[in-house]
Amino acid sequence: MAETDPKSVQDLTAVVQTLLQQMQDKFQTMSDQIIGRNILFCRIDDLERNIADLMMQAGVEELEGENKTPASNKG
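Residues numbered from 1 in each chain as written. Predicted model: local features only at pLDDT ≥ 70, side-chain atom pairs only at ≥ 80, totals over all residues. Heavy atoms only, no water.

- In the annotation of an unreviewed UniProt entry, the entry for the protein chain reads Heat shock factor-binding protein 1, and the organism field reads Catharus ustulatus.
- One UniProt comment on the protein chain, placed under Subunit (unreviewed entry), says "Homohexamer. Associates with heptad repeats of HSF1 trimers and probably also HSF1 monomers, and with HSP70. Association with HSF1 trimers and HSP70 coincides with attenuation of heat shock response and the conversion of HSF1 trimer to monomer." (UniProt positions renumbered as here; feature names shortened; annotations may be inferred.)

Below you can see the structure in the form of C-alpha cells.
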C-alpha cells in the first residue's frame, strides 16, 4: 500500500469540514423555517379562536360548510 500523502489528507479534511458546515447551515435554515411556520400556525389558531369568540358574541353561528347565518334567523 502506498503511504498517504499529508497534502491529500489535509485536502480531504478541508472538503469534509466544508461539507459538514454546509449541512449545518442548511439544517439551521430548515429549523428556522419550521419554527417560523409553527409560530405562524399558532397565530392562525389564535386568530380563528378570536373570530369564533367574536361570532358567538355577535350571535352568529357557524353552519356546516361555509354558510353563516345570524342565530336569530334559525328556525
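What follows continues from the structure just given.
### Description of the pattern of salt bridges
Right, on to step 1. Tallied over the full model, the rule gives two salt bridges.
Right, on to step 2. In this structure, the salt-bridge partner of lysine 7 is aspartate 11, at a minimum N-O distance of 3.6 Å. Taken together, the residues span about one helical turn, with lysine 7 and aspartate 11 both in helix H1 (residues 6-57) at a distance of four residues.
Right, on to step 3. Judged by its relative accessible area of 39%, aspartate 11 is partly exposed.
Right, on to step 4. Here aspartate 46 and arginine 49 are joined by a salt bridge, their closest N and O atoms 2.3 Å apart. Of this pair, aspartate 46 and arginine 49 both sit in helix H1, three residues apart, roughly one helical turn. (Salt bridge = Lys/Arg side-chain N within 4 Å of Asp/Glu carboxyl O. Helix = DSSP H or I, 4+ residues; strand = E, 2+ residues; numbered from the N terminus. Buried < 20%, exposed > 50% of the residue type's maximum accessible area, 1.4 Å probe, protein only.)

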